[in-house]
Amino acid sequence: MSTNKEIDFIISNDFCQSIVFILLFILTTILFYKNISDNDEEKRREKNSENYKKQIFHLMKNTPVIYIKSLSKLTGHNIYAKCEYFSYYSSKDRVIKRILLTAQKEGLLNKNTNIFENSLGLSGYSVACISQLLGYNCTIVIPDSCSPILISQITRTNCNLIQTKKADFSNFSDNYIRKCKKLSEENENSFYINLYQNELNYITHFEETAPELFNQLNKKVDAFVCCMDTGGTLSGISNYLKIKNEKCLIGLVDIDGSGFYSYIKEGVLFRQEINVNKKNKEYDYIEDISKDNCFLNNNLRNANIDDCYLTNYYEVMFLIDYLKKIDGINIGIKEGINLVGILKMIKDKKDILPKNSNISTIFFGNGLYDSEIISKYNKENNPIKNIEQIFSIN
């Protein structure tokens, strides 16, 4: 027969076990819901991150078109510029985004991949920013004559920035394009964007930029003029516009020192002499635009070009100053080149282009990155004294 003490011990032991079981149940429940909460928080962070990326990517399209009043009045045509610099990082955003997202989808990128690209500035900045946004490391190779403002912008990202001394494409050891390609080949886990040769450059402008421009001008584009950089913009837009209107005139505008003019006119790619004082440092960027683009690339092969026009430093700088003074519009070197090209096409094709034609081009920037060169521009030493010397109404 159990004594009272034994009964009390049994009750006490059962009670302790119950307390332990209850505590274990509570602890397990807490840990279970904490795990769910942590997972939910992680999912929320991932969702917020994806939403943030989508919001940024959404800002890399539907760039605005502006009307150039002074030149339109002067020529009797409607001159427009699609302002690609209104994209989130730079005018190269939509192409870099397309290339990297495509590479990601095709399994060409992993968390340890190092993305490589050579650049004179803008594409490098977009690569650095979008790579960082997507969580990849990247290496950007630029010549030391690149715009100081752009260099400053790129260094603010997490990219590995390599500056090489200025050298022609023929220089295998120092040219920034050659060096970038070599570095990417030496890296086992690398992805080289190679914007000059990457046909997604052309395809992106064909499928995105060109339809935007066409619709923004109420589906009436009679002519399009643009300089050649990596070639994707002119190639993609020219082919799209030709499909929509086979009579649409496409012009490539080239600057002294480059070889595209001779390639279009004579089928020979060579460099011309640059008609500037090479002792002055301010001309370096002009020289880079000319020399570094003087090799045939995949995008140029795809371009549908009717004619080519040649300009020079003095015409471009005069027009940059003219647009600022008359229209209050800030533009840079490439934008000045494009507008001079339009004026020369209008003069050359006056018997073909009907009055009030819609003629368009691209503005890659607003002059910010060329500000150092533009600020040194000496109007007094420019032989171009009025707009009629570039464009003659008669």
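Note: the structure precedes this text.
For the structure given in this document, a descriptive report is provided here. (Residues numbered from 1 in each chain as written. Predicted model: local features only at pLDDT ≥ 70, side-chain atom pairs only at ≥ 80, totals over all residues. Heavy atoms only, no water.)

Observations regarding helix α13 (residues 333–348)
Taking 1.5 Å per residue, 16 residues should reach 22 Å; α13 reaches 22 Å between its end C-alpha atoms and fits that length. Of all 16 residues that make up α13, 13 are buried, and the element is covered over most of its length. (Helix = DSSP H or I, 4+ residues; strand = E, 2+ residues; numbered from the N terminus. Expected span 1.5 Å × (residues − 1). Buried < 20%, exposed > 50% of the residue type's maximum accessible area, 1.4 Å probe, protein only.)

A few points about the sheet that holds strand β1 (residues 65–67)
Strands in a sheet are paired, the pairing made by backbone hydrogen bonds, and the direction either parallel or antiparallel. The sheet built from six strands is open, its strands ordered β1-β2-β10-β7-β8-β9 with mixed pairing. Taken across any chain shown, the strands that pair with only one partner, and hence form the sheet edges, are β1 and β9 (307–311). Neighbouring strand axes in the sheet, compared pairwise and without regard to direction, differ in orientation by 25 degrees on average. Judged from the six bridges that link them, strand β2 (residues 78–83) and strand β10 (residues 358–363) form a sheet pairing that is parallel. Along β10, the bridge assignment pairs Cys-83 with Phe-363. (Pairing = 2+ DSSP bridges. Axes fitted to C-alpha atoms, helices over the stretch in contact; angles between N-to-C directions.)

Here we look at unusual backbone geometry
Of all residues except glycine, most have a negative phi; of all peptide bonds, most are trans. Positive phi, close to 55 degrees, is recorded for Asn-218, a residue that is not glycine. When you line up the elements, Asn-218 lands in the loop between α7 (199–216) and β7 (223–227). The backbone of Lys-219 sits at a positive phi, close to 60 degrees, despite the residue not being glycine. Structurally, Lys-219 is set in the loop between α7 and β7. Relative accessible area serves as the criterion here: at 58%, Lys-219 is assigned to the exposed category.

Details of the nonpolar core
One broad trend across soluble globular proteins is that nonpolar side chains are buried collectively. Formed by 63 residues in total, the largest nonpolar core has its most connected members in Leu-71, Phe-224, Leu-241, Leu-339 and Ile-387. If near-sequence neighbours (up to four positions away) are discounted, Ile-387 is found in contact with Leu-71, Leu-74, Phe-318, Leu-319, Tyr-322 and Leu-343. Ranked by size, the runner-up nonpolar core spans 32 residues in total, among them Val-95, Val-127, Ala-128 and Ile-140. (Core = buried A, V, L, I, M, F, W, Y, C linked by side-chain atoms within 4.5 Å. Contact = heavy atoms within 4.5 Å.)

As for the pairing of strand β5 (residues 160–164)
Pairing of strand β4 (residues 137–143) with β5, which is carried by five bridges, proceeds in the parallel orientation. By the bridge assignment, Val-141 is partnered in β5 with Ile-162.

Examining the pairing of β10
Regular strands show a simple pattern: their side chains alternate between the two faces of the sheet. A large share of β10 lies buried, amounting to six of its six residues. Side chains Asn-358, Ser-360 and Ile-362 project from β10 onto one buried face, and the interleaved Ile-359, Thr-361 and Phe-363 project onto a second face that is buried too. Bridge count for β7 against β10 is two bridges, and the pairing is parallel. Each bridged residue has a counterpart across the sheet, and for Phe-224 the counterpart in β10 is Ser-360.

Considering the packing of helix α4 (residues 122–134) against helix α5 (residues 148–155)
Running from amino to carboxyl end, α4 crosses α5 at an angle of 10 degrees, the nearest separation of the two axes being 9 Å. Considering the angle they form, α4 stands roughly parallel to α5. For the pair α4 and α5, the contacting residues are Leu-122, Gly-124 and Tyr-125 in the first and Leu-150, Gln-153 and Ile-154 in the second. Residue classes in the contact of α4 with α5 are distributed as four nonpolar, two polar and no charged. (Parallel < 35°, antiparallel > 145°, perpendicular 65-115°, else oblique. Nonpolar A, V, L, I, M, F, W, Y, C, P; charged D, E, K, R; others polar.)

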